[in-house]
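A closer look at the structure
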Amino acid sequence: MSHTVGVRQTQKLRTRQALLDAALGLLEHQSLSSLGLREVTRVAGVTPTAFYRHFEDTAALGVALVEEALGSLHGMIGAVLAETGDSEERLGRSVELILRHVGEQPAHFRFIAREQHGGVGPVREAIAAQLRRFAEEVAAALAEEPESRGWSEEDLLMLGGLYVDHMVITASALLDAGPDGEREVAGVARRRLRLVTLGRLHWLDDTSDTDAP
């Protein structure tokens with residue numbers, strides 16, 4: 001009995017993955033809002049009825065693609081931030097991580113780049129939630145550093161969000177540049193990170209003179 005259940009579960013997971021892969025392939029050339037359920041099931045080789053055993057609608061499928069694209073990055077970025085070295089070194093390694101991940105999963109990142117401001121609300125919200133989570137994780141790591149002494153939680157979260165926004169911009173630039181432009185994009189990304197890091201060191205400087213009316 002347990003063997004039968006195991007086989008069914010494996011088949012169920014395969015069908016679900018086939019639907020995700022089919023959708024991702026189709027989304028190379030169109031937006032999620034224009035994606036048809038029958039298109040997806042035809043490419044996946046399953047019936048439309050089978051689709052509803054896994055997803056409520058194409059929006060739910062899109063949310064699953066967001067998790068597939070970004071979910072695994074949390075552990076990877078967390079590991080980079082936990083490494084030894086100063087923040088500039090670790091953030092530089094995060095650029096290498098983005099380079100590798102975009103190179104390995106370009107279709108996923110093209111999907112994220114297109115749908116971040118696309119017409120499917122649940123997917124926009126899922127992407128925003130993932131990016132907020134990244135910002136919180138980066139802020140928590142930055143809070144452990146001596147340079148963050150005296151910073152408020154709000155400002156640390158703002159800085160974390162700034163780094164995450166930079167990662168998103170870098171990923172989009174890599175997609176546009178292609179393999180030939182990868183080195184240039186990485187160089188610009190590192191210089192921008194260095195600029196942010198230098199600015200961070202002076203964030204708590206006395207600004208009373210410049211703030212005065």
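Heads up: the structure comes first, above all this text.
Here is a short report on the structure shown in this document. (Residues numbered from 1 in each chain as written. Predicted model: local features only at pLDDT ≥ 70, side-chain atom pairs only at ≥ 80, totals over all residues. Heavy atoms only, no water.)

A closer look at the overall build of the chain
What counts is decided by this rule: Strands are runs of DSSP state E lasting at least 2 residues, helices are runs of H or I lasting at least 4, and numbering of each runs from the N terminus. Accessible area is worked out with a 1.4 Å probe on protein chains only. A residue is then buried under 20% of its type maximum, exposed over 50%, and partly exposed in between. Here, residues are in contact when the closest pair of their heavy atoms is within 4.5 Å. A residue counts as positive if it is Lys or Arg and as negative if it is Asp or Glu; His and the chain ends are not included. Charge positions are represented by NZ for Lys, CZ for Arg, CG for Asp and CD for Glu.
Per the secondary structure count, the chain includes 11 helices and zero strands. Along the three orthogonal principal directions, the C-alpha set of the chain runs to about 70 × 40 × 35 Å. Within the span of the chain, comprising 213 residues, buried residues form 41% of the whole. Relative to all contacts within the chain whose residues are 6 or more apart in sequence, the contacts with residues 24 or more apart total 66%. Considering the chain, the positive charge centre built from 22 side chains and the negative charge centre built from 32 side chains are found 10 Å apart.

Points about empty space enclosed by the protein
Put simply, the rule is: Cavities and pockets are found on a 1 Å grid laid over the protein atoms alone: a cavity is a set of points where a 1.4 Å probe fits but cannot escape, a pocket is an open set with protein on both sides within 12 Å along at least five of seven lines, and a lining residue has an atom within 4 Å of such a point. Grid points are joined across faces, edges and corners, and a volume is the space filled by probe spheres set on the points. Classes in brief: Ala, Val, Leu, Ile, Met, Phe, Trp, Tyr, Cys and Pro nonpolar; Asp, Glu, Lys and Arg charged; the others, Gly included, polar.
Counted under the stated rule, the structure contains one cavity of 30 Å³ or more. Computed from the structure, the largest cavity encloses a volume of approximately 190 Å³. Surrounding the largest cavity, 16 residues form its lining, Leu 70, Phe 109, Leu 131, Met 167 and Val 168 being those nearest its centre. Counting only elements with at least two residues in the lining of the largest cavity, the list comes to helix H5 (73–81), helix H7 (106–115), helix H8 (121–143) and helix H9 (153–177). Of all the elements, H9 adds the most residues to the lining of the largest cavity, at six residues. Classifying every residue of the lining of the largest cavity by side-chain character gives 14 nonpolar, two polar and no charged.

Here we look at the pattern of salt bridges
Operational definition: Counted as salt bridges are all cases of a side-chain nitrogen of Lys or Arg within 4 Å of a carboxyl oxygen of Asp or Glu.
Enumeration over the complete set of coordinates arrives at four salt bridges. The partner of Arg 110 in a salt bridge is Glu 28, with the nearest N and O atoms 2.9 Å apart. Note that Arg 110 is positioned in helix H7 and Glu 28 in the loop between helix H1 (2–26) and helix H2 (37–44), a separation of 82 residues in sequence. Taking relative accessible area as the criterion, Glu 28 reaches 28% and is therefore assigned partly exposed. Across the salt bridge formed by Glu 145 and Arg 200, the nearest N and O atoms sit 2.8 Å from each other. A residue pair is termed long-range when its members are at least 10 positions apart, and Glu 145 in the loop between H8 and H9 and Arg 200 in helix H10 (residues 182–201) qualify at 55 residues. Judged by its relative accessible area of 9%, Glu 145 is buried.

With respect to the environment of Leu 70
Relative to the helices and strands, Leu 70 is located in helix H4 (residues 58–70). For the pair Leu 70 and Ile 127, spaced 57 residues apart in sequence, the C-alpha to C-alpha distance is 8.4 Å.

Quick look at the packing of aromatic side chains
Under the convention used in this document: The rule is short: rings of Phe, Tyr and Trp, with Trp giving its six-membered ring, pair when the centres are within 6.5 Å, and they are stacked under 30 degrees, edge-to-face over 60, tilted in between.
Under the definition given, this model contains three aromatic pairs. Consider the rings of Phe 51 and Phe 55, whose centres lie 5.7 Å apart with planes at 50°: the pair is tilted. Its relative accessible area of 0% is what places Phe 51 among the buried residues. When the ring of Trp 151 is compared with that of Trp 203, the centres are 6.0 Å apart and the planes differ by 35°; the resulting orientation is tilted. Taken together, the residues Trp 151 in the loop between H8 and H9 and Trp 203 in the loop between H10 and helix H11 (208–211) connect sequence positions 52 residues apart. Of the residues examined, Trp 151 reaches a relative accessible area of 12% and is grouped as buried.

Without other data, these values stay purely geometric and don't point to any function.
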